[in-house]
Amino acid sequence: GDSVTQMEGPVTLSEEAFLTINCTYTATGYPSLFWYVQYPGEGLQLLLKATKADDKGSNKGFEATYRKETTSFHLEKGSVQVSDSAVYFCALSGTSNTGKLIFGQGTTLQVKP
Amino acid sequence: GAVVSQHPSRVICKSGTSVKIECRSLDFQATTMFWYRQFPKKSLMLMATSNEGSKATYEQGVEKDKFLINHASLTLSTLTVTSAHPEDSSFYICSARGGRAYEQYFGPGTRLTVT
């Protein structure tokens, strides 16, 4: 079945460092791909998404490109801030349009001043 | 943006009792709501999908008689954990979908502790 694999965390970076969180997926057809962020004590928020191959999702300085050839959707940010500290989830939604999301295990990011 | 609320945010109950968690879409009509369970330092596990006015569809391995889901209106879904046990302690999160496809909006979650 469909699945999502994220890099193990936690990831600890200094402020203004470059961030990459790897995400790869297994799915039939052409799923939509998402990155969600969960700040401490809060629910998930959609960070960005891409619905077809080669699409680039971007928001708040974060970017991810839908790579069908490598089945990847890595999250990047050029310069992280302390306020970016959170748990990041990669997810996919299959082609059945049921709306079901399959999540990766989450990656905790801690940014130190 | 669309807002989804959950109530309560935290609940502590004794073993053997039942507890109800509400999920509301505040400013849109949710044709579909999803219930997830999140274990500590783990991903979200989809428990069930509920469509307004029809029975919920449970994922494999989720006991439908233990986790009762009702989606009585386009803005409200409830999850009732019946005869709770300590192993049911977890973070329960709902999400709602309405309008455009693929857009799901998540509630802030409910921390359930069963003593």
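Refer to the preceding data block for the structure.
Here we summarise the structure given alongside this text. (Residues numbered from 1 in each chain as written. Chains lettered and ligands numbered in written order. Predicted model: local features only at pLDDT ≥ 70, side-chain atom pairs only at ≥ 80, totals over all residues. Heavy atoms only, no water.)

### Things to note about the sheet that holds strand 8 (residues 76-81) of chain B
Residue and element names in this part refer to chain B. Selection criterion: Two strands qualify as a pair provided that DSSP identifies no fewer than 2 bridges between them. The secondary structure listing takes helices from DSSP runs of H or I that are at least 4 residues long and strands from runs of E that are at least 2 residues long, numbered from the N terminus. Fitted lines through C-alpha atoms give the axes, limited to the stretch in contact for helices. The angle between two N-to-C directions lies from 0 to 180 degrees.
Spatial strand order, 1-3-8-7: 4 strands in an open sheet with antiparallel pairing. One side of each edge strand has no neighbouring strand; the edge strands of this open sheet are strand 1 (4-7) and strand 7 (67-73). Each neighbouring strand pair of the sheet contributes to a mean axis angle of 15°, computed without reference to strand direction. Direction of pairing for strand 1 relative to strand 3 (residues 19-25): antiparallel, over a ladder of 4 bridges. In the sheet register, His-7 faces strand 3, and the bridge partner there is Glu-22.

### Description of the nonpolar core
Defined as follows: As used in this record, nonpolar core signifies buried Ala, Val, Leu, Ile, Met, Phe, Trp, Tyr and Cys residues forming a set joined through side-chain atoms within 4.5 Å. When a residue's accessible area, from a 1.4 Å probe over protein chains only, is under 20% of the maximum for its type it is buried; when over 50% it is exposed; and in between it is partly exposed. It only takes one pair of heavy atoms within 4.5 Å for two residues to be counted as in contact.
In terms of nonpolar packing, the biggest core is built from 26 residues, with Leu-19, Trp-35, Leu-47, Leu-48, Phe-73, Leu-75 and Tyr-88 of chain A touching the most fellow members. Of all the secondary-structure elements, those providing two or more residues to this core are strand 2 (11-14), strand 3 (19-21), strand 4 (23-26), strand 5 (32-38), strand 6 (44-50), strand 8 (62-65), strand 10 (86-93) and strand 12 (107-112) of chain A. Setting aside chain neighbours within four positions, we find Phe-73 of chain A in contact with Cys-23, Leu-33, Phe-34, Trp-35, Leu-48, Lys-49, Ala-50, Ala-64, Thr-65, Tyr-66 and Cys-90 of chain A. Counting 24 residues, the second largest nonpolar core, distinct from the first, contains Trp-35, Ala-48, Leu-79 and Val-114 of chain B.

### Brief notes about the sheet that holds strand 8 of chain A
Residue and element names in this part refer to chain A. Strand order in the open sheet formed by 4 strands is 3-9-8-7, with antiparallel pairing between adjacent strands. The two strands at the open ends of the sheet, each matched to only one other strand, are strand 3 and strand 7 (56-59). Direction aside, neighbouring strands of the sheet carry axes that sit 15° apart on average.

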